[in-house]
Every structure is written in structure tokens, then in C-alpha cells.
Amino acid sequence: MSGDDLVEVRGTLDGEPYHAEVPVWASLLDALEAAGRPLPAGCRGGQCGSCTVSLDGVPTPACVVPAGAAAGAVVETARRAALPVLVAELAAAGATQCGYCSPGLVVALSHLLSTSPSLDAPAVREALTGHLCRCTGYEAIVTATLAAAARLTS
Amino acid sequence: MAYLRPATIASALAARAELPRALVCGGGTAVQPAMNAGLLRPADVLDLGGLRDGAAIDACGDRVRLGPVVRVAAAARAHALGAGVLDGLLRGFATPAVRERATLTGNLFQAPADLAVVLTALDGSLIAAAARSRGERRLPVTTADALEPDELAIGLDLAVPAAFAYERLAVREVAAPTLAAVAAALLAGGPRAAVTGYRTGTAVPCPGAVPHLADPAGADGFAAEVVAAAAPPTPYARRSVAALARRCHRRIHRGDARGDADVRR
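Residues numbered from 1 in each chain as written. Chains lettered and ligands numbered in written order. Predicted model: local features only at pLDDT ≥ 70, side-chain atom pairs only at ≥ 80, totals over all residues. Heavy atoms only, no water.

### Considering the layout of surface pockets
Logical step 1: Quantified by volume, the second largest pocket comes out at close to 630 Å³.
Logical step 2: In terms of lining residues, the second largest pocket is bounded by 23 residues, among which A:E126, B:R77, B:P96, B:R99 and B:E100 are the most central.
Logical step 3: If you list the elements that add at least two residues to the lining of the second largest pocket, you get β4 (58-61), α4 (102-115) and α5 (121-128) of chain A together with α3 (72-78), α4 (87-92) and α5 (96-101) of chain B.
Logical step 4: Considering only residue class, the lining of the second largest pocket consists of eleven nonpolar, six polar and six charged. (1 Å grid on protein atoms, 1.4 Å probe; cavity = no way out; pocket = protein on both sides within 12 Å on 5 of 7 lines; lining within 4 Å. Points joined across faces, edges and corners; volume = space filled by probe spheres on them. Helix = DSSP H or I, 4+ residues; strand = E, 2+ residues; numbered from the N terminus. Nonpolar A, V, L, I, M, F, W, Y, C, P; charged D, E, K, R; others polar.)

Laid out in C-alpha cells, this is it:
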């Protein structure tokens, strides 16, 4: 493929500029990998949530976003979007086992805690829809998220 | 190769005229996975997601017009269609993160188009336009593939219902394919209903006027009409679709009819 066949994507990743050149059909997930910042890639169909990032403040699976659509966008991974209190509670509850799904669900749950500090278990489970975890059975994740919410509101 | 992301509907129409074979993308939640899987390898992509004038929701009397890139979640939050119309459907459509990106209009170009059954019951029309023509034309929401090569869908026109109900059959409540769905609405112009073909996901509109839907005692008659339109292939499927229809009828007449994605197997 010649250089002319590539789309140039520039944006902000975790507070720093990034740049990638990818095919016109590539996703944001592909662009981040090309930029040297690969995310956990699962289904590549928007079903598993492992590649979820904060895209202009909204949790979004990077695999369903065309790379060109993310040009100029502010992208944050769990590295920057994670709430420390949530990470601490997930660790304390043993809610991370293999860890493959953790970055994506941490982005989604941090957004949930930031926008809806008063939470109940159904709201947490709703936010976890689209995040597949094959290890934990989700209960520890729900418990940890509610504990984080309690700490944030206390 | 080009990735075009126009900022206005007018510039999108001009781009479409220049590149009629470009892959059109709204939220990307359906076409990007297809590109990831190698099922689509477009030479050019026309991305409508950045249209500044494409996300408006405008109410006019008993109708609502939605721009071409109104996101599914945004439409639900706006409640422009009346409280509850989209609530139930949203619980049965994809995941929260995907709903934030997916567009109502874009869904009509997918197979199956999960939202077509609801939009059909709401007397929905797809609004199409081309750079070369002065006006707009309207198509049934189930005929998105009838657009001319230089046309784009630039919005949706829907009725605001006095009552609405939606029932869906799936193996689980979220992130599972719809086996069958029924939507029913009481509109100013008369009652309307729509039903998917069982398992096919293709919306099959019932007759425009559905007298039994307006009749509080007509649940069985309404169910019979819905089953006839859906043509379910087995006795189990017929019973399932009839149950969905009766539940819709009950909700319409209970006075608190809201879309609801109850799942029963």
C-alpha cells in the first residue's frame, strides 16, 4: 500500500498529541496501535468493551469508531480516565483477575461515577452492559463500584 | 482514497455527488465492525458524523423531524417523541456505549434494522435529498436501499403518538438479536402497528389503519392481524408473536403505555 492510501489521524491521547497513518477503513483502535499505544482488542465489533476509551468525554469502544472520525478528538485511556478511588476498590475487592477487560470497564465505570455519583447496583450493571468479563462473574466489580461511589459521596 | 467528514448537510450532498460509491457512515457502529472484519473495503468513506446541522430534533405539531446523525441515546434523552417512546427500545438495542454513537437514520441501512419496527409504527419517513435536486423526497423507513446513488438520507420524519408500546422477543434483554418485535402507536391519523418478520428482523408494516388496536376489547383481533403480517414459521413462533401483540395492546390501553423491552422465552 502506498503512502497515498493512508489517512492521517492527529489528536490528543492521554493529554499528549499523537499521530498515526492508517488505511481509510481503519478504526481508532487500529490508529492507537499504529501510534504505539495498543489497547486490549477483543471482538472488534463493539460487543466486548475491552477497547473502551473516553472519546471527547464519552466512553466508546475504539473498535467501532472510524479512525478518521477521531481526528482532532481527545482520547483518554484508563491510564488517564481512571478514578483512583475506583481502581483502589477494584483491587481491594479482587475484581480484576486476568485484567484484559479492566482498562475498558474502568473507563466506563469512572465516567459513571463522575456523572452519577449516587448509584445503585442496577445502574452499575447497566453500565457494565457491553463489557465482557470471563473471570469475575461481575459481582466483585459491582461491589467495588458501589464502594467507590460511597467513598466519593462520604 | 479519501476519508471525507463534511461539516454541513449541503457539503455532504456535494461530496456524495462527487463520490457516489463512497461508503456512507453515520456513527460507524455497524460499518466499522464490517470494515474490521474485512467485509467492507471502501475506496472512499463519507463520514456524516461531524455534521453540525445534522443532529437537530425539531418538533412541529404532532410530528418530529430528526437530523441524519441524531444518536439513538440522544433521541431517547430528548423525549421529543413523548416520554417513554424510545425507552423500551433502547433497552433492547445494543449497549449503552454503542447507543451513544449509533444513529437512528444509520440503523435503517443495516440488516437487520432493529429500529425500523418502531419507526414504522410511528409513521416514519426517511427524508432523502441530492445536490442536483431542489427538494426532498420521502421514503418508507424500510426502503433505505431505494436511495439513488447521489442521494443521502438527511433525516427522519416521525409522528408523536398519544400512546406507544414496544415488545421484543430475544434470548436475553440486552445485546442479543431480536427474534421478533411488535410496536404499536395511537396517532392523530389513526392507530398504527408494525411487526418484524420472525427471526428475519425485517420490518413488515401492518396495514396502516389497525382498527383493533384502537378498540380496548380488540386484543385478539389485533394479535391476529399482527401474526398475519409477520407470518411466523412455526406454532411456537405464532404464539410468541401473538403474545407480544396482546401485551402491546394491553399497554396501549392501560394508560401508561411505555416502550418496554420485556424478554420472555
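On we go from here.
### Brief notes about helix α3 (residues 84-92) of chain A
Every α-helix winds through 3.6 residues per turn, so residues three or four apart in the chain are directed the same way.
Residues and elements named next belong to chain A.
Logical step 1: Along α3, the residues that are buried comprise V85, L86, E89 and L90. Seen from one end, α3 has its buried residues packed into an arc of 135°, which puts them on one side. Away from its buried face, by an angle of more than 90 degrees, α3 presents the exposed residues P84, A91 and A92.
Logical step 2: Contacts from the buried residues of α3 go to α4 and α6 (139-153).
Logical step 3: Following α3 by one or two positions, G94 adopts a phi angle in the positive range, close to 65°. (Buried < 20%, exposed > 50% of the residue type's maximum accessible area, 1.4 Å probe, protein only. Arc of directions from axis to C-beta. Contact = heavy atoms within 4.5 Å.)

### Details of the confidence of the model for chain B
Regions with low pLDDT should not have their predicted coordinates read in detail.
Logical step 1: A residue-level look at chain B finds 91% of positions with pLDDT of 70 or above and a mean pLDDT of 87.
Logical step 2: Counted against residues more than four places away or in other chains, residues 257-265 of chain B, with its pLDDT under 50, gives 45 contacts. (pLDDT = per-residue confidence, 0-100.)

### Re the domain arrangement of chain A
Residues and elements named next belong to chain A.
Logical step 1: Taken domain by domain, chain A comprises domain 1 (3-77) and domain 2 (82-153).
Logical step 2: On a C-alpha basis, the centres of domain 1 and domain 2 stand 23 Å from each other.
Logical step 3: Taken together, the twelve residues of domain 1 in the interface contact ten residues of domain 2.
Logical step 4: Contact between domain 1 and domain 2 buries roughly 880 Å² in total, counting both sides, with carbon and sulfur atoms accounting for 62%.
Logical step 5: Seen at the junction of domain 1 and domain 2, the total is zero salt bridges.
Logical step 6: Of the residues forming the side of domain 1 that touches domain 2, the biggest block, three residues, is contributed by strand β3 (residues 52-55).
Logical step 7: For the side of domain 1 that touches domain 2, a count of residues per class yields five nonpolar, seven polar and no charged. (Domains from an automatic or database assignment. Buried area = accessible area lost by both parts, 1.4 Å probe. Salt bridge = Lys/Arg side-chain N within 4 Å of Asp/Glu carboxyl O.)

### What about the sheet that holds strand β1 (residues 6-13) of chain A?
Residues and elements named next belong to chain A.
Logical step 1: Strand order in this open sheet of five strands is β2-β1-β5-β3-β4, and the pairing throughout is mixed. Two strands bound the open sheet, and with one partner strand each, they are β2 (16-23) and β4. For this sheet, the mean angle separating the axes of adjacent strands, direction not counted, is 40°.
Logical step 2: Two strands pair when backbone bridges link them, and β3 and strand β5 (residues 74-76) are joined in this way by two bridges, in the antiparallel orientation. Looking at the pairing, S54 lines up with E76 of β5.
Logical step 3: Of the strands in this sheet, β3 and β4 are in contact with α4, which crosses β3 at around 40°. (Pairing = 2+ DSSP bridges. Axes fitted to C-alpha atoms, helices over the stretch in contact; angles between N-to-C directions.)

### Concerning the side chain of B:E167
Logical step 1: As for its position among the elements, B:E167 is in strand β9 (residues 163-169).
Logical step 2: At 3.3 Å, the side chain of B:E167 and the side chain of B:R247 are in polar contact. (Polar contact = N/O pair within 3.5 Å; in protein donor to acceptor, adjacent residues only side chain to side chain.)

### Quick notes on the domain arrangement of chain B
All names here are of chain B.
Logical step 1: When cut into domains, chain B gives domain 1 (2-159) and domain 2 (163-254).
Logical step 2: Averaged C-alpha coordinates put domain 1 and domain 2 at centres separated by 24 Å.
Logical step 3: Contact residues are listed per partner, giving 20 residues for domain 1 and 22 residues for domain 2.
Logical step 4: Each partner contributes to the roughly 1500 Å² buried at the junction of domain 1 and domain 2, and carbon and sulfur atoms together form 68% of this total.
Logical step 5: Across the domain 1-domain 2 interface, the total number found is one salt bridge.
Logical step 6: With a closest N to O distance of 3.8 Å, D123 and R192 form a salt bridge.

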